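Structural overview for review
So you can see what is in the structure, the chains are spelled out below.
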Amino acid sequence: MMPPPNSAQYTQQFLSSVLSQRGPSALPYTEDVKWLIRQHLLSLIETYPSLQPKTATFTHNDGRTVNLLQADGTVPMVYQDVTYNIPVIIWLMESYPRHSPLVFVNPTRDMIIKRPHQFVNPSGVVSIPYLQNWIYPSSNLVELARNLSHFFGRDPPLYAQRRPNPNPSPSPSPHPPPSTSFSNNNSPVGPGGVIRPAIPPRAFPQSPYGSGSTGRIMDDPSEVYKRNAIDKLVVRLHSDILGLREAREADMEGLFNAQGVLRQREERLNEGLKEMQDEKEGLEQQLQMVLMNSDVLEGWLRENEAKMTNLGNVDVDTAFEPCDHLSKQMLDCTASDLAIEDVIYSLDKAIQDGTVPFDQYLRNVRSLSREQFFHRATASKVRAAQMQAQVANMASRASSPYAL
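Below is a summary of the structure that appears in this document. (Residues numbered from 1 in each chain as written. Predicted model: local features only at pLDDT ≥ 70, side-chain atom pairs only at ≥ 80, totals over all residues. Heavy atoms only, no water.)

What follows is about the overall build of the protein chain. Per the secondary structure count, the protein chain includes eight helices and nine strands. The buried share of the protein chain, taken over its 404 residues, is 29%. Taking as baseline every contact in the protein chain between residues at least 6 positions apart, the subset at least 24 positions apart corresponds to 60%. By element, 55% of the accessible surface of the protein chain is carried by carbon and sulfur atoms, the whole surface being about 27,100 Å². (Helix = DSSP H or I, 4+ residues; strand = E, 2+ residues; numbered from the N terminus. Buried < 20%, exposed > 50% of the residue type's maximum accessible area, 1.4 Å probe, protein only. Contact = heavy atoms within 4.5 Å. Areas by Shrake-Rupley, 256 points an atom, 1.4 Å probe, with all protein chains shown as cover.)

We now examine the environment of lysine 381. Looking at the secondary structure, you find lysine 381 in helix H8 (residues 358–399). C-alpha of lysine 381 to C-alpha of methionine 330: the two residues are 51 residues apart in sequence and 9.4 Å apart in space.

With nine bridges connecting them, strand E1 (residues 51–59) and strand E2 (residues 65–79) associate as antiparallel partners. Opposite leucine 51, over in E2, you have glycine 73 as the bridge partner. Connecting E1 to the next strand, E2, in antiparallel fashion are five residues, including glycine 63 with a positive phi near 95°. (Pairing = 2+ DSSP bridges.)

With that settled, the discussion passes to the sheet that holds strand E4 (residues 102–105). On the basis of which strands lie adjacent, the open sheet formed by four strands has the order E1-E2-E3-E4 and antiparallel pairing. Both edges of this open sheet fall to E1 and E4, since each of them pairs with a single strand only. Each strand of the sheet is rotated relative to its neighbour by a mean of 35°, with strand direction disregarded. Along the sheet face, helix H2 (residues 34–47) touches E1, E2 and strand E3 (82–92) and points at about 130° away from the line of E1. In the packing of helix H4 (residues 141–154) onto the sheet, the strands contacted are E2, E3 and E4, and the crossing angle to E2 comes to about 45°. (Axes fitted to C-alpha atoms, helices over the stretch in contact; angles between N-to-C directions.)

Orientation of H2 relative to H4, taken along the N-to-C sense of each, is 40°, at an axis distance of 8 Å. Taken together, H2 and H4 sit at an angle that is classed as oblique. Contacts between H2 and H4 involve His40, Leu41, Ser43, Leu44 and Thr47 from the first element and Leu141, Val142 and Ala145 from the second. By residue class, the composition of the contact of H2 with H4 is five nonpolar, three polar and no charged. (Parallel < 35°, antiparallel > 145°, perpendicular 65-115°, else oblique. Nonpolar A, V, L, I, M, F, W, Y, C, P; charged D, E, K, R; others polar.)

Soluble globular proteins: nonpolar side chains tend toward being buried together. Counting 50 residues, the largest nonpolar core has Leu69, Ile90, Leu92, Ile128, Leu144, Leu148 and Phe152 as the members making the most contacts within it. In contact with phenylalanine 152, not counting residues within four places along its chain, are Met77, Ile86, Val88, Val105, Val120, Val126 and Pro157. Counting residues in each nonpolar core, the second largest holds eight residues, with Ile340, Ala350, Val356 and Val365 among its members. (Core = buried A, V, L, I, M, F, W, Y, C linked by side-chain atoms within 4.5 Å.)

A few words now on unusual backbone geometry. Cis peptide bonds are those with omega within 30 degrees of zero, and the linkage from arginine 115 to proline 116 qualifies with -10°. Here proline 116 shows up in the loop between strand E5 (111–113) and helix H3 (129–132). With omega at 5°, the peptide bond leading from tyrosine 136 into proline 137 counts as cis. Secondary-structure assignment places proline 137 in the loop between H3 and H4. Within the chain, glutamine 80 stands out as a residue other than glycine whose phi angle is a positive 50°. Even without glycine at this site, aspartate 81 takes up a positive phi of about 65°. Of note, aspartate 81 is situated in the loop between E2 and E3.

For the structure on display, the rule yields 13 salt bridges. Aspartate 62 is paired through a salt bridge with arginine 64; the nearest N and O atoms lie 2.9 Å apart. On the basis of relative accessible area, arginine 64 is assigned to the partly exposed category, the value being 43%. Taken together, the salt bridges that share partners define one network made up of Arg22, Glu31 and Lys34. (Salt bridge = Lys/Arg side-chain N within 4 Å of Asp/Glu carboxyl O.)

Structure representation (structure tokens):
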């Protein structure tokens, strides 16, 4: 599986997709380095577009198979002022980037590996000083590709193999051709013999830092310092992003909990609001009944206004006349209740003054309290019946077509 070639956007989407997978199809890299792996591959592709990332199955020596990322393509090298492309595969193993990747020279069927070779074994495994001295987190794939190009240029690892010419020249030239050319697989091929070196083997060139030097490329110290600083900043930034993500996830969890509490409070407030609305409707009904009673009293006062001048001659017992049996019963119960209240008050004064024996006081208060209770209970029932009658009267008035 690999992205479309020569497309940085699709490559970024491809890496983001395969590195974000979970479950059985997830790649075996730890979560804390996946972002760094993505950055290493993107930097490699930007510097060496001939290498493209993809996923493939890797088989270990013990037979285990695992799906891994790899960079597959060619690495340029310069030999005798001519640039050639060496096909390689860079496998990012399970422990990458804490440990170095596994690099193979990948010859086509028209190529063979030079034997012996200082940095490539007969199986194609590459072992250069940069891989052996891999340091996490400063080491990266871009520097690896540069070192591959450098060491391959010093000692080309591949030969071109061609089939015999069916019509050989009767007198072959004793000298090799002055130059080489590219075959279809981009490997340098000589036009002459059966098996010919793609690039004639030769001794290592003189190193500018002393003969026989096989170490890493000696770059400008300021550039090395800059690259190391950038790598450290990238690692720190990645750690900060992980910490920030964990903090934001904790904040989101707290906000979700607060949201749940607010929803519960919203339900309680809605219930309380409904109760208040019901109570408001009940109070409005009571207000209507009070207003109706006020209208009745005002009408009665207007009818009896003439009698106010002779109030002193009016018999109190005949001043108010009940309009129905419920009103008469309410009037009797209320009068009896108030009269018993006055008697109990008088008995309290008498016991304080010592004019009534204590046992007689208790018997009278007990008897009067029982009688007062019955009068009050009767008044409560009569009041409820009156309210029901008034509600029914209001409803009948509201439904009448002549009601104002």
